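Here's the letter readout for the chains.
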Amino acid sequence: MISSLDYPLWGLKTQGMRIRVNEKRFMMTRHEMLQRLRRTPECDVLILGGGVNGTGLLRELALQGIHAVLVDKADFSAGASSKSSRMIHGGLRYLENAEFRLVSESVLERNRLLKYAPHYVKPLKTTIPIISWLAGMIKAPLIFFGMNLKVGGRGAIIVKMGLTFYDILTCRLRQTPWNFLMGKKRSLQEIPGLREDIVCTATYWDAWISQPERLCVEMVLEACAEQPDCVALNYATAQKEGADTVRIHDDLTGESVAVKPRCVVNATGAWVDFANKTMGIESRLMGGTKGSHLVIDNAGLFNALGDRMIYYEHTDGRICITFRFMDKVIMGSTDIRVENPDDAACDDAEIDYMMQTLHGVFPKIEIKRSDIVHIFCGVRPLMSSGEGYTSKVSRSHFLAEHPVGEDRSFPVYSMVGGKLTTFRAFAEMTANRILKLLGKPRHVSTADRAYPGTAREDAHPPRLAGTLALQTLPGYTVEAIRAIAQHELVVHLSDLVRRRSVITLLGQTTEASASELATVVGDVLGWDDAKRQEEIRLALHEAQGRI
């Protein structure tokens, strides 16, 4: 039996939630992983990319007994998986584009996450302010039937019709209440500061996820526990070398090892076309857009939102959201095409735009730039499209096959598109294709399988340990930080503060806290003083940047 160390998940302390970290060391050291690959270079599947699609696929394959190796050039979930709006949703606005299959799949997967990952995924009451009863009665049907028009201008009747159809699609494994309209007077009473030119509001339920980054890491840990032959390396790159060989380079130690996969899966999200080049493939599959978000500390906005997300349309037709995230508020997002996802960053014009949208929906609440405690920007892994409006580009997914050729003895499969909500379904579809290729049966279904990271109620979280800086991070003990560093594949301090916790997301990565955390983590990972200082610098750079 695996013993465990309980510790509170920071930010959820007031909800009495705790998670469990396994004391058993699932993962080999980097040196051990590379040595194992050197001794046994053959593997069934090499996965490129450690975001939610890649780690979900690793879990799927490991549960079927498949020997898979996963590598990511950065940390696990360092791309869109940790920089999304944290919505787990069915895609209400996809109905306008007649994407019924996508919406149906999305709401089913949303319901599954609510049921099987309740420690991270919670229902989210969502309210839409509406300024017209009849707007969109002509335009929406034209868009629905394929006319290339800019979306926007949805009145109460169109919204109510869409929400009712959305709720009908949600019936399978339903976990949420039905939608309703609320009049102007009551809406303004319940949501103080909301714009007063509304005619009503519409409310429905979707869901949100507190830490998709931790879910990714926990799926890696589960995979390697279920199938000990599986290997997962963050901060490692892959390059095709010869017809049947891929060389994996560990960027931390400088070591490299050649592996011989039976197939390769490119799960690098917005980087799919760039990663394909490392396999000798020229492709044009992706057409990503960047979405920037603000994390705001403003009591007036926090209190006005209450237990609901406001889902609102700006004057340009762009949909924006704002909702409480722990003791702060997250709002977003922009939707701007990018050619190279490595260049994506939030600029001043985007900040001005997002602040303008907030002022438009909450004109009576003073929100200043100084209220912004963190800014982050991610790139949506959208498929390449000729659509003129980014909002019309499908959020669906498909698997592109690059067959064996004269210079490559293994096929490459590119996971194109998708979104956080549907990662399990996409991983399942991809795993089924691979199992067929390998001639292996499916032993386990993940459709009704709980995710790792058991949660339980605890009315008395343990007293904080540590000095003043750590005590400003409610819910984390020194023992908890050590456990994360030891058991959760931490390489850099930024991994811990940004992707194993929400410390940076909530604006708590300061010089004082980073210094103290570097001491705790450094003691576990064997950092000398120079290494600690460099890790502090890198963590502060990421926390203060707009990436």
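Everything below is about the structure shown above.
From a predicted model like this one, the values you see are computed outputs, not experimental measurements.

*Asks:* Is there a simple way to explain the overall build of the protein in this structure?
*Replies:* Tallying secondary structure elements over the protein gives 16 helices and 21 strands in all. Here the protein, with 547 residues, has 60% of them falling under the buried criterion. Long-range pairs, those at least 24 residues apart, make up 73% of the contacts in the protein with a sequence separation of at least 6. Entry remark: accessible area of the protein is about 21200 Å², with carbon and sulfur atoms responsible for 54%.

*Asks:* What's the story with the packing of helix α3 (residues 100-116) against helix α5 (residues 156-169) in this structure? I'm lost.
*Replies:* Each pair of packed helices can be summarised by the angle the axes make with each other and by the distance between the axes. Put simply, α3 and α5 touch, their axes get as near as 9 Å, and they point 60° apart. Considering the angle they form, α3 stands oblique to α5. By crossing handedness, the relation of α3 to α5 is classed as right-handed. When α3 is examined against α5, the residues Phe100, Val103, Val107 and Arg110 are found in contact with a partner set consisting of Phe165, Tyr166 and Leu169. When its residues are assigned to classes, the contact of α3 with α5 shows six nonpolar, no polar and one charged.

*Asks:* Help me understand the side chain of His293 in this model?
*Replies:* Structurally, the position occupied by His293 is in strand β13 (residues 289-296). Looking at His293, its side chain comes within polar contact range of the main-chain oxygen of Gly291, at 3.4 Å. Excluding residues within four positions of it along the chain, His293 makes contact with Lys83, Ser84, Ser85, Met331, Gly332, Ser333, Met354, His374, Ile375 and Phe376.

*Asks:* Whenever I open this one, the pairing of strand β14 (residues 308-313) confuses me. Can you help?
*Replies:* Regular strands show a simple pattern: their side chains alternate between the two faces of the sheet. Burial of β14 is extensive: five of the six residues sit out of reach of the surface. Pairing analysis gives four bridges linking β14 to strand β15 (residues 319-325), with the strands arranged antiparallel. In the strand pairing of β15, Glu313 is matched with Ile319.

*Asks:* What should I look at first to understand the packing of aromatic side chains in this one?
*Replies:* Pairs of aromatic rings are described using the distance from one ring centre to the other and the angle between the two planes. The full count for this structure, using the stated rule, is seven aromatic pairs. Plain terms: the ring middles of Tyr166 and Tyr204 are 5.8 Å apart, the flat faces sit at 85° to each other, and that makes the pair edge-to-face. With a gap of 38 residues between them, Tyr166 in helix α5 and Tyr204 in strand β8 (residues 200-209) connect regions that are remote in the sequence. Pairing Trp208 with Phe325 gives two aromatic rings, centres 5.7 Å apart and planes at 80°, and the pair type is edge-to-face. Remark: Phe325 occurs in strand β15 and Trp208 occurs in strand β8; sequence separation between them is 117 residues. Here Trp208 matches Phe325 in class, with each residue buried. Grouped by ring-pair contacts, the aromatic residues Tyr166, Tyr204 and Tyr311 constitute a single cluster. Against the face of Phe302 rests Arg324, its NZ or CZ located 3.8 Å from the ring centre. In this arrangement the basic side chain of Arg498 is found over the ring face of Phe376, its NZ or CZ atom lying 5.7 Å from the centre.

*Asks:* Is there a simple way to explain unusual backbone geometry in this structure?
*Replies:* Peptide bonds are trans in most cases, and residues, glycine excluded, mostly fall at negative phi. With omega at -5°, the peptide bond leading from Gly332 into Ser333 counts as cis. With respect to the element layout, Ser333 can be found in the loop between β16 (328-332) and β17 (336-337). You will see that Ser77, though not glycine, has its phi angle at about 65°, which is positive. Of note in this structure, Leu489 is not a glycine but carries a positive phi near 60°. Summarising the element assignment, Leu489 is placed in the loop between α13 (478-487) and α14 (493-499). A residue is classified by how much of its surface remains accessible, and Leu489, at 14% relative accessible area, is buried.

*Asks:* I'm lost on the environment of Gly242 in this one. Help?
*Replies:* By the secondary structure assignment, Gly242 is in the loop between β10 (236-240) and β11 (246-250). Classification of Gly242 by relative accessible area gives partly exposed; the value is 41%. Expressed as a C-alpha distance, the spacing of Gly242 and Ser409, which sit 167 residues apart in the sequence, is 9.2 Å.

*Asks:* What's the story with helix α11 (residues 423-438) in this structure? I'm lost.
*Replies:* Because each turn of an α-helix spans 3.6 residues, side chains separated by three or four positions in sequence point in the same direction. Taking 1.5 Å of rise per residue, the 16 residues of α11 would be expected to cover 22 Å, and the 22 Å separating its terminal C-alpha atoms lies within 8% of that figure. Of all the positions in α11, only Phe423, Arg424, Ala425, Phe426, Ala427, Thr430, Ala431, Ile434, Leu435 and Leu438 are classed as buried. Looking one or two residues beyond α11, the residue adopting positive phi is Gly439, at roughly 70°.

*Asks:* I would appreciate a short explanation of the pairing of β13 in the present structure.
*Replies:* Along β13, eight of the eight residues are buried, which leaves the element largely enclosed by surrounding structure. Burial of the side chains of β13 extends over both faces: Thr289, Gly291, His293 and Val295 are buried on one face and Lys290, Ser292, Leu294 and Ile296 on the other. Bridge count for β13 against β17 is two bridges, and the pairing is antiparallel. For Thr289, the partnering residue across the bridge sits in β17 and is Arg337. Pairing analysis gives eight bridges linking β13 to strand β18 (residues 372-380), with the strands arranged antiparallel.

*Asks:* Sorry if this is basic, but what is going on with the packing of helix α2 (residues 52-63) against helix α7 (residues 212-226) here?
*Replies:* Two numbers describe how α2 lies on α7: the axes approach to 8 Å, and their chain directions differ by 20°. Between α2 and α7, the angle falls in the class roughly parallel. Judged by the twist between their axes, the crossing of α2 over α7 is left-handed. In contact with Val52, Thr55, Gly56, Leu58, Arg59, Ala62 and Leu63 of α2, α7 contributes Cys216, Met219, Val220, Glu222, Ala223 and Glu226. Of the residues belonging to the contact of α2 with α7, the class tally is eight nonpolar, two polar and three charged.

Scoring rules and cut-offs
- Residues numbered from 1 in each chain as written.
- Predicted model: local features only at pLDDT ≥ 70, side-chain atom pairs only at ≥ 80, totals over all residues.
- Heavy atoms only, no water.
- Helix = DSSP H or I, 4+ residues; strand = E, 2+ residues; numbered from the N terminus.
- Buried < 20%, exposed > 50% of the residue type's maximum accessible area, 1.4 Å probe, protein only.
- Contact = heavy atoms within 4.5 Å.
- Areas by Shrake-Rupley, 256 points an atom, 1.4 Å probe, with all protein chains shown as cover.
- Axes fitted to C-alpha atoms, helices over the stretch in contact; angles between N-to-C directions.
- Parallel < 35°, antiparallel > 145°, perpendicular 65-115°, else oblique.
- Left-handed = near helix turned anticlockwise from the far one by under 90°.
- Nonpolar A, V, L, I, M, F, W, Y, C, P; charged D, E, K, R; others polar.
- Polar contact = N/O pair within 3.5 Å; in protein donor to acceptor, adjacent residues only side chain to side chain.
- Pairing = 2+ DSSP bridges.
- Phe/Tyr/Trp six-rings, centres within 6.5 Å; stacked < 30°, edge-to-face > 60°.
- Lys NZ or Arg CZ within 6 Å of the ring centre and 35° of its normal.
- Expected span 1.5 Å × (residues − 1).

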